[in-house]
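As a plain string of letters, each chain reads:
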Amino acid sequence: MEILAISLPVFLLVGLGWWLGRTGLFTSAFAEGANRLVYRISLPALIVSSLTAGRLKLAEAGRPALALGVAVLIVGGIALVLARVMGCRGGRGATFVQAAFRGNLAFVGIPVLASASGKDAGFIGMAVLIFAPIMLIYNVAAVLLFHFAHHRGGSSWKAVCGIASNPLILATVMGGAISLWGPPLPVFANRTLELLGDPAAPLALLCIGASMAGASFARGLKTVTVMALLKVALCPVLTWLAARSVGLEGPGLQIAMVFAACPTAAASYVFARELGGDPPLASNAVVLSTLLSPLSLLVVLALFF
């Protein structure tokens, strides 16, 4: 029931966004502005505030992050091949691949882990440690995907500059550096970042719903189903195999498996809209994978907790 309680607000916000789009209260111009706000301000603020909440201890996160990171990259490689096979090219192909590997760790994974652990502070702290490098993998891989999908510039230097100037990459590096080596942020700075980051999830989900107001979910259902199954079915299996290969067990294994079973993140839609992808495909992947994720998460909790 806890998993359903976590998933239900996602559907309610998407549904509200759909209704606002259908009634004209959520215009395309407003949706575009909201999406840019999330991408350039709210998500970076959320990333920095998450990473600076505690001191990163890379040794504790090493093996769980390695197992999950390897699984994420393998899923991404498989998705890249399947995208080609299914005729998804350019921005649509990049959207397909990103939705297959990018999980909703912050708004599904962390709450599920908090519930499963009885809100154990040490356990959640380890989850945040593992969250950080995986977020970096997500963001770098996504920017690379969309950059090369559009052959922007054609030079390695321009690709590097494009990645280095991405607001989410900058936020990840900044937050990680502060957490590892910098002094704690002042209380007012932490609170400001939290206030800026809090709207990220609801705004992204409302934008997803609004984008679905004029789109058909049935169109491309086969493609979306493949994307969702790669995320909530294949990723956990590959994570478990990777975890076994590095001898991972205990809390690290539990955290990695829950993260692997999470649905596609709403940030996938934000990236698709901002970087020339296929926003309707991304929004459908978020919805379908979220519908399927209670089953995958229940299986993981039954087997590993």
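Details of the structure are given in the entry above.
Residues numbered from 1 in each chain as written. Predicted model: local features only at pLDDT ≥ 70, side-chain atom pairs only at ≥ 80, totals over all residues. Heavy atoms only, no water.

## Observations concerning the environment of Arg-84
Reasoning step 1: Along the chain, Arg-84 falls in helix α3 (residues 58–85).
Reasoning step 2: Relative accessible area serves as the criterion here: at 54%, Arg-84 is assigned to the exposed category.
Reasoning step 3: It is 10.0 Å that separates the C-alpha atoms of Arg-84 and Phe-96, two residues lying twelve residues apart in sequence. (Helix = DSSP H or I, 4+ residues; strand = E, 2+ residues; numbered from the N terminus. Buried < 20%, exposed > 50% of the residue type's maximum accessible area, 1.4 Å probe, protein only.)

## Structural notes on the packing of aromatic side chains
Reasoning step 1: Tallied over the entire structure, the rule returns three aromatic pairs.
Reasoning step 2: With a centroid separation of 4.9 Å and an interplanar angle of 80°, the aromatic rings of Phe-26 and Phe-30 are classed as edge-to-face.
Reasoning step 3: Among the residues examined, Phe-30 registers a relative accessible area of 47% and is labelled partly exposed.
Reasoning step 4: Measuring from ring centre to ring centre gives 6.4 Å for Phe-123 and Phe-305, while their planes differ by 70°; the resulting arrangement is edge-to-face. One end of the pair, Phe-123, is in helix α6 (residues 121–149); the other, Phe-305, is in the segment after α14 (279–304), with 182 residues separating them in the sequence.
Reasoning step 5: Using a relative accessible area of 37% as the deciding quantity, one classes Phe-305 as partly exposed. (Phe/Tyr/Trp six-rings, centres within 6.5 Å; stacked < 30°, edge-to-face > 60°.)

## Side note on the pattern of salt bridges
Reasoning step 1: Taken as a whole, this structure holds four salt bridges when the rule is applied.
Reasoning step 2: In this structure, Arg-36 engages Glu-274 in a salt bridge whose closest nitrogen and oxygen atoms are separated by 3.9 Å. Within this pair, whereas Arg-36 is found in helix α2 (residues 28–51), its partner Glu-274 is found in helix α13 (residues 267–274), the two being separated by 238 residues in sequence.
Reasoning step 3: The exposure class of Glu-274 is buried, given its relative accessible area of 18%.
Reasoning step 4: Note that Arg-40 is salt-bridged to Glu-274, the shortest N-O span being 3.9 Å. In this pair, Arg-40 sits in helix α2 while Glu-274 sits in helix α13, placing the two residues 234 residues apart along the sequence.
Reasoning step 5: One salt-bridge network, in which partners are shared between bridges, spans Arg-36, Arg-40 and Glu-274. (Salt bridge = Lys/Arg side-chain N within 4 Å of Asp/Glu carboxyl O.)

## Some thoughts on the side chain of Ser-289
Reasoning step 1: In this structure, Ser-289 sits in helix α14.
Reasoning step 2: Of the residues examined, Ser-289 reaches a relative accessible area of 0% and is grouped as buried.
Reasoning step 3: When sequence neighbours within four positions are dropped, the list of residues in contact with Ser-289 reads Ala-228, Val-232, Pro-263 and Thr-264. (Contact = heavy atoms within 4.5 Å.)

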